Amino acid sequence: QTPSKPPPLPSPLRFSKFFQSNMRILVTGGAGFIGSHLVDKLMENEKNEVIVVDNYFTGSKDNLRKWIGHPRFELIRHDVTEPLLVEVDQIYHLACPASPIFYKHNPVKTIKTNVIGTLNMLGLAKRVGARILLTSTSEVYGDPLIHPQPETYWGNVNPIGVRSCYDEGKRVAETLMFDYHRQHGIEIRIARIFNTYGPRMNIDDGRVVSNFIAQALRGEPLTVQKPGTQTRSFCFVSDMVDGLIRLMEGENTGPINIGNPGEFTMLELAETVKELINPKVEIKMVENTPDDPRQRKPDITKAKELLGWEPKVKLRDGLPLMEEDFRLRLGVSKEN
Ligand code: NAD
Ligand code: UDP
Ligand code: UDP
């Protein structure tokens, strides 16, 4: 016997429709790398009011400094594992450390952020009738046995490894999103984000692109983790933000892969950074960490068909844009 379906919700009591005001958008994790670029884009539209909540674990107010004091912008120090009461129309839920060194630093907190944090944002979405977008990850595919990865692939994830707090945390977050959608009629969107890079990445957050660029600029060896043949596909942040906004504004719940299908081995990436930024640096092989996925490349057929989206910025064009930002922050001029 199939369980009886709950009655459909009345047409959402959208805050802006009710008060005839601007569109109010909450961005959790908005002080982080992707979040702050998303805020920049959302703030370009004069009809948007943006509220950022962030606990500054990996993000920084500095990423948002141009908006602080702006009448359509508000920044709240808040941890999403605690309940949040605000009145909004849309929620972009990004809050979660994304770099392995940070999410492994306090794995229990990472799980709480993914599970309790997402539950709270869904409770909020339910109370105010907001549409909510979750930034999930290609890590839900684990060490994938299917290549490239389509959204229909269920993944190959170690449930008890050192990466599980993040991978399994995001998998539960996706489950919660779909359960709130089915049980309470919440409007959901799920983006499965593949490796993203660009200006404002934390310089020392241990991710491969930020590591290689910082190392090249400091004249240190580029540390390729063994075997170096593992692959990733890197998406420039402006393309990512464009994909996230299209997904939020469109009619499809997802999950939808958002990423750049250009696939590189870590050795190829190191060679490219060396050639573009500092041909004098060495490439050094170092030990890897457990459960490192061997290959990763998005199948973006769905994003193309359903969102009319595909990435525009090639790795060779995106790296110099990131180099410029890292030079400024590290104080390394072009002549050095
Ligand atoms: P980031 O670390 O720069 O940003 C995450 C932000 O969330 C930070 O500002 C951090 O302070 C905040 N945060 C963390 N825990 C919080 C909590 N409990 N309460 C409130 N704020 C909290 O990372 P990012 O690269 O901008 O990633 C953003 C989102 O995209 C994350 O959900 C991440 O899982 C997802 N994602 C990123 C990538 C990538 O390559 N960058 C890939 C896949 C998925
Ligand atoms: N919640 C929140 N803000 C709101 C509404 C709910 O943070 O505006 C939190 C609430 O504290 C709860 C979670 O979201 O822990 C789930 O809320 P829901 O109403 O779905 O469940 P319940 O409160 O009935 O457990
Ligand atoms: N990696 C590397 N050198 C580094 C940092 C990472 O070779 O200094 C490799 C790592 O082994 C992995 C890939 O780069 O295969 C991507 O790692 P990252 O931490 O950036 O992201 P994720 O593993 O989450 O995709």
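Keep in mind it's a predicted model, so treat the numbers as computed, not measured.

Asks: Mind showing me how you'd approach the sheet that holds strand β4 (residues 90–93) here?
Replies: Strand pairing in a sheet is mediated by backbone hydrogen bonds. Such pairs are either parallel or antiparallel. In space, the 7 strands of this open sheet follow the order β3-β2-β1-β4-β5-β6-β11, with parallel pairing throughout. The open sheet has two edge strands, β3 (73–77) and β11 (256–258), and neither has a second partner. Ignoring which end each strand starts from, the neighbouring axes of this sheet average 20 degrees apart. Looking at chain direction, strand β1 (residues 23–28) and β4 are connected through 4 bridges and run parallel. Paired with Val27 across the bridge in β4 is Tyr92. Contacts from helix α2 (residues 33–43) reach β1, β2 (48–54), β3 and β4 within the one sheet, and its direction differs from that of β2 by about 165 degrees. Contacts between helix α7 (residues 237–249) and the sheet are confined to β4, β5 (131–137), β6 (188–193) and β11, with β6 contributing the most and set at about 155 degrees to the helix.

Asks: For this particular structure, what's the right way to read the site of ligand 1?
Replies: The environment of ligand 1 is made up of 28 residues, and the closest members are Gly29, Gly32, Thr58, Gly59 and Ala98. Within the residue set of the shell around ligand 1, elements represented by two or more residues are α2, α4 (107–128) and β5. No other element matches α2, which puts 3 residues into the shell around ligand 1. Per-class residue counts for the shell around ligand 1 are 12 nonpolar, 14 polar and 2 charged.

Asks: In this structure, what is going on with unusual backbone geometry? I would like to understand it.
Replies: Of all residues except glycine, most have a negative phi; of all peptide bonds, most are trans. Geometrically, the link from His147 to Pro148 is a cis peptide bond, its omega value of -10 degrees lying close to zero. Here Pro148 lies in the loop between β5 and α5 (164–184). Each neighbour pair has its own omega, and for Gly254 with Pro255 the value is 5 degrees, a cis peptide bond. With respect to the secondary-structure elements, Pro255 resides in the loop between α7 and β11. Of note in the backbone geometry, Tyr56 takes a positive phi value of approximately 60 degrees without being a glycine. Secondary-structure assignment places Tyr56 in the loop between β2 and β3. Note on Tyr56: 11 C-beta atoms within 10 Å, which makes it exposed.

Asks: Where do I start with the confidence of the model for the protein in this structure?
Replies: Residues with a pLDDT of 70 or more make up 93% of the protein, whose mean pLDDT is 94. For this predicted complex, the interface score ipTM comes out at 0.98, alongside a pTM of 0.94.

Asks: Hey, could you run me through the packing of helix α6 (residues 208–218) against helix α10 (residues 315–330) in this one?
Replies: Describing two packed helices takes the angle between their axes plus the distance from one axis to the other. Here α6 crosses α10 at 55 degrees, and the two axes come no closer than 10 Å. One element, α6, and the other, α10, form an angle in the oblique class. Note on packing geometry: the crossing formed by α6 with α10 is right-handed. Listed contacts from α10 to Ile213, Ala214 and Leu217 of α6 are Met322, Glu323, Phe326, Arg327 and Leu330. Considered class by class, the residues forming the contact of α6 with α10 number 6 nonpolar, no polar and 2 charged.

Asks: What exactly am I supposed to notice about the pairing of β5 here?
Replies: Every regular strand shows the same layout, with side chains that alternate between the two sheet faces. Within β5, 6 of the 7 residues are buried, which leaves it mostly tucked inside the rest of the structure. Of the pairings in the sheet, the one linking β4 to β5 comprises 4 bridges and is parallel in character. By the bridge assignment for β5, His93 is matched with Leu134. The pairing of β5 with β6 spans 6 bridges and is parallel. Residue pairing for β6: Thr135 is matched across the bridge by Ala191.

Asks: Got a minute to help me understand α2 in this structure?
Replies: An α-helical turn contains 3.6 residues, so a residue and the one three or four places further along point in the same direction. In terms of residue burial, α2 counts as a mostly covered element, since 8 of its 11 residues are buried. Among all positions in α2, only Phe33, Ile34, Gly35, Ser36, His37, Leu38, Val39 and Leu42 are buried. Along its buried surface, α2 packs onto β1, β2, β4, β7 (196–197) and α7.

Asks: Looking at this structure, how should I read the environment of Ile51?
Replies: Tracing the backbone through its elements, the reader meets Ile51 in strand β2. Note: C-alpha distance between Ile51 and Val86 (35 residues apart in sequence) is 9.1 Å. Once residues within four sequence positions are removed from consideration, Ile51 is found in contact with Arg24, Leu26, Glu74, Ile76, Val86 and Val88.

Asks: Whenever I open this one, the site of ligand 3 confuses me. Can you help?
Replies: Near ligand 3 there are 13 residues, and of these Arg207, Val208, Asn211, Gln225 and Met266 occur at the shortest range. When residues of the shell around ligand 3 are traced back to their parent elements, those giving at least two are α6 and β8 (222–225). Broken down by element, the shell around ligand 3 gets its largest block of residues, 3 residues, from β8. Counted by class, the shell around ligand 3 contains 4 nonpolar, 6 polar and 3 charged residues.

Rules used in this analysis
- Residues numbered from 1 in each chain as written.
- Chains lettered and ligands numbered in written order.
- Predicted model: local features only at pLDDT ≥ 70, side-chain atom pairs only at ≥ 80, totals over all residues.
- Pairing = 2+ DSSP bridges.
- Helix = DSSP H or I, 4+ residues; strand = E, 2+ residues; numbered from the N terminus.
- Axes fitted to C-alpha atoms, helices over the stretch in contact; angles between N-to-C directions.
- Contact = placed C-beta atoms within 7 Å.
- Near = placed C-beta within 6 Å.
- Nonpolar A, V, L, I, M, F, W, Y, C, P; charged D, E, K, R; others polar.
- Buried ≥ 20, exposed ≤ 12 C-beta atoms within 10 Å, placed from the backbone.
- pLDDT = per-residue confidence, 0-100.
- Parallel < 35°, antiparallel > 145°, perpendicular 65-115°, else oblique.
- Left-handed = near helix turned anticlockwise from the far one by under 90°.

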